Amino acid sequence: MCNENKTDMTRYGWNNSLRQLQQASIHKTLPYGRVTVVHRTCYDIISENGLFQCELTGNMLYGKSAAELPCTGDWVLFQPLDEDKGIIVDMLPRERTLYRRKSGTVADKQAIAAYVDKAFIVQSLDDNFNVRRAERFMVQILEEKIQPVLVLNKADLAFDSAAVTAAIQHLRHQMPVFFTSIHQPETLLALKASIAAGETVVFTGSSGVGKSSLVNALCDQQALLTSHISESTGKGRHTSTRREMVLMEGAGVLIDTPGVREFGLVLDNPDLLEQALEISDYAAACRFRDCQHINEAGCAVIAAVQDGNLDPKVYESYLKLRREAWHYSASKQEKKKWEKSLSRMVEEAKNISKH
Ligand SMILES: Nc1nc2c(ncn2[C@@H]2O[C@H](COP(=O)(O)OP(=O)(O)OP(=O)(O)O)[C@@H](O)[C@H]2O)c(=O)[nH]1
Ligand SMILES: [Mg+2]
Ligand SMILES: [Zn+2]
């Protein structure tokens, strides 16, 4: 057997537990691969035999919402058609997937990346720095048991270090914080060292904070276009338009994403907010077990705000994110009910037309 030309898929995160999932599929004899880029109708799949451009079988499309179709990072089984084309016939059950609420909808999810170990919340240390937004990303990431990491980029710019440090103090228990600059390579070493072989890291954050620049710098190559490059070619600002996976030499894989203007929560477990924002210790001391921490007598959370132990801004952020999480779950229930009654109506109409 000659394995010389095979891609070592463990570098892309392939492992024994994924192999077991593959064995459970009726298509287990087919080659497996990982989605590196999603195009409009086809997918780039990296596999032991190199890169394949694949489409989906009709079966895989049937009855699925957009969020259930393969996204960057998903593992799939595919039927090769020739040396670089194929058809995806199955997808391994998803784990550790980062979702967000699809813009302009109340209850539709959008899958950003699957099988993620770490999510870098990237902000730049200029006007973009915003603790409340960091909290928002963090809770959604924690929901999926992905490790959040705060990356504060453009540290070469002038910023108020003491103010930034104080503002993120309460988040440090949940996630490590890195100050980086693509113009100061030494600041990237620690970030690089934090990524282990076979790990998958997704980069999230607003447009222009330097996600693609950081991916390029960590991979020591210009794998992705950044606004810097296209400015030099006179093509104006380049902003990433797709989610794309890049292999890091000797370590994991990095998934770059386009900047998002808003990152809506899709939390199925709003209780997590208390833990994530370090409110649960106070909440445990409230007089009523079902205390909502709004205006109840004996509320230890409100007392903590009044005593100056809990930052009122963190408390307000908690209430705001919780309202949003509740709104999402209520809308989701409504949508399910509506879909059920719609399919019942369709069935009834079919029965009537039979008679
Ligand atoms: N001063 C400074 N500029 C940076 C740094 N990192 C990135 N930039 C610049 O910021 C601009 C935006 O960088 P990108 O990497 O394209 O940002 P992005 O987050 O990928 O943006 P989108 O693709 O639109 O989401 C470019 O002009 C970069 O050169 C940094 O550490 N310091
Ligand atoms: Mg980009
Ligand atoms: Zn309370």
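Criteria and thresholds
Residues numbered from 1 in each chain as written. Chains lettered and ligands numbered in written order. Predicted model: local features only at pLDDT ≥ 70, side-chain atom pairs only at ≥ 80, totals over all residues. Heavy atoms only, no water. Domains from an automatic or database assignment. Contact = heavy atoms within 4.5 Å. Buried area = accessible area lost by both parts, 1.4 Å probe. Salt bridge = Lys/Arg side-chain N within 4 Å of Asp/Glu carboxyl O. Helix = DSSP H or I, 4+ residues; strand = E, 2+ residues; numbered from the N terminus. Nonpolar A, V, L, I, M, F, W, Y, C, P; charged D, E, K, R; others polar. Donors = N, O, S within 2.8 Å, 3.2 Å for Na, K, Ca; no water. Buried < 20%, exposed > 50% of the residue type's maximum accessible area, 1.4 Å probe, protein only. Tetrahedral: all angles 85-135°; square planar, octahedral: opposite > 155°, others 65-115°. Axes fitted to C-alpha atoms, helices over the stretch in contact; angles between N-to-C directions. Parallel < 35°, antiparallel > 145°, perpendicular 65-115°, else oblique. Pairing = 2+ DSSP bridges. Near = heavy atom within 4 Å. Polar contact = N/O pair within 3.5 Å; in protein donor to acceptor, adjacent residues only side chain to side chain. Areas by Shrake-Rupley, 256 points an atom, 1.4 Å probe, with all protein chains shown as cover. Core = buried A, V, L, I, M, F, W, Y, C linked by side-chain atoms within 4.5 Å.

Novice: I tried to follow the domain arrangement of the protein on my own but got confused; where do I start?
Specialist: The figure often quoted for interface size is the accessible area lost as the parts come together. Domain boundaries assigned for the protein yield domain 1 (9-91), domain 2 (98-256) and domain 3 (272-343). Distance from the C-alpha centre of domain 1 to the C-alpha centre of domain 2: 26 Å. Taken together, the contact between domain 1 and domain 2 spans 18 residues of the former and 20 residues of the latter. The contact between domain 1 and domain 2 buries some 1,400 Å² in all, and 60% of this surface belongs to carbon and sulfur atoms. When the area that domain 1 buries against domain 2 is broken down by residue, the three leading residues are Arg11, Ala67 and Thr72, summing to 37%. Arginine 11 is paired through a salt bridge with glutamate 249; the nearest N and O atoms lie 3.5 Å apart. The set of elements that each furnish at least two residues to the side of domain 1 that touches domain 2 consists of helix 1 (16-23) and strand 1 (32-38). Here the element with the most residues in the side of domain 1 that touches domain 2 is strand 1; it accounts for five residues. Of the residues contributing to the side of domain 1 that touches domain 2, the split by class is nine nonpolar, six polar and three charged.

Novice: What is the right way to read the coordination of the magnesium ion (ligand 2) from this model?
Specialist: Ideal coordination angles are 109.5 degrees for a metal with four donors arranged tetrahedrally and 90 or 180 degrees for a metal with six donors arranged octahedrally. Here the magnesium ion (ligand 2) is held by Ser212 (OG) and Ser240 (OG), and the distances to it run 2.0 to 2.1 Å. With serine 212 in helix 6 (residues 211-219) and serine 240 in the loop between helix 7 (227-232) and strand 12 (244-247), the pair connects residues that are 28 residues apart, well separated along the chain. Of the two residues examined, serine 212 and serine 240, each falls in the buried class.

Novice: Could you clarify how one ought to interpret the coordination of the zinc ion (ligand 3) in this entry?
Specialist: Only Cys286 (SG), Cys291 (SG), His293 (ND1) and Cys299 (SG) from the protein coordinate the zinc ion (ligand 3), and they sit 2.1 to 2.4 Å from it. Taken together, the four donor atoms coordinating the zinc ion (ligand 3) and their angles of 103 to 115° define a geometry best described as tetrahedral. Counting residues between consecutive donors of the zinc ion (ligand 3) along the chain gives the motif C-x4-C-x1-H-x5-C. With cysteine 286 in the loop between helix 9 (280-283) and helix 10 (300-306) and cysteine 299 in the loop between helix 9 and helix 10, this pair connects stretches of sequence that are 13 residues apart. Each member of the pair, cysteine 286 as well as cysteine 299, carries the same accessibility label: buried.

Novice: What is the right way to look at the packing of helix 5 (residues 186-193) against helix 6 in this model?
Specialist: How two helices sit against one another is set out by the angle between their axes and by the gap between those axes. In the contact formed by helix 5 and helix 6, the axes pass within 10 Å of each other and the chain directions differ by 80°. Between helix 5 and helix 6, the crossing angle belongs to the class labelled roughly perpendicular. Within the contact between the two elements, helix 5 uses Leu188, Leu191 and Lys192 and helix 6 uses Leu214, Ala217 and Leu218. Looking at the contact of helix 5 with helix 6 residue by residue, the class counts come to five nonpolar, no polar and one charged.

Novice: What is the right way to look at the pairing of strand 4 (residues 75-80) in this model?
Specialist: Look at any regular strand and the pattern is simple: side chains alternate between the two faces of the sheet. Taken together, the three bridges between strand 1 and strand 4 define a ladder with antiparallel strand orientation. Counted as the bridge partner of glycine 33 is valine 76 from strand 4. In terms of strand pairing, strand 4 meets strand 5 (residues 85-91) through five bridges, oriented antiparallel. Along strand 5, the bridge assignment pairs glutamine 79 with isoleucine 87. Hairpin remark: strand 4 followed by strand 5, antiparallel, with four residues in the connecting loop.

Novice: What's the story with the site of ligand 1 in this structure? I'm lost.
Specialist: Looking at ligand 1, there are 22 residues lining it, with Asp156, Ser207, Ser213, Thr239 and Ser240 nearest. Within the side chain of aspartate 156, a nitrogen or oxygen atom sits 2.7 Å from a nitrogen atom of ligand 1. Relative to its free-state accessible area of 660 Å², ligand 1 is covered by the protein chains to the extent of 91%. Among the elements of the structure, helix 6 and helix 7 are those that each provide at least two residues to the shell around ligand 1. A total of three residues in the shell around ligand 1 trace back to one element, the largest contributor, which is helix 6. Its residues assigned to classes, the shell around ligand 1 shows four nonpolar, 15 polar and three charged.

Novice: Just checking my understanding: could you explain the pairing of strand 6 (residues 98-101) for this structure?
Specialist: Burial along strand 6 is two-sided: Leu98 and Arg100 facing one way and Tyr99 and Arg101 facing the other are all buried. Taken together, the four bridges between strand 6 and strand 7 (residues 109-113) define a ladder with antiparallel strand orientation. Residue pairing for strand 7: leucine 98 is matched across the bridge by alanine 113.

Novice: Explanation requested: the nonpolar core in the structure shown.
Specialist: Across soluble globular proteins, nonpolar side chains have a tendency to be buried as a group. Counting residues in hydrophobic clusters, the biggest one holds 70 residues, and the most contacted among them are Tyr12, Trp75, Met138, Val139, Leu150, Val202 and Val301. In contact with valine 202, other than residues within four places in its own chain, are Leu98, Ile112, Ala113, Val116, Lys118, Ala119, Phe120, Ile255 and Thr257. Val209, Leu218, Cys219 and Val246 belong to the second largest nonpolar core, which has 19 residues in total.

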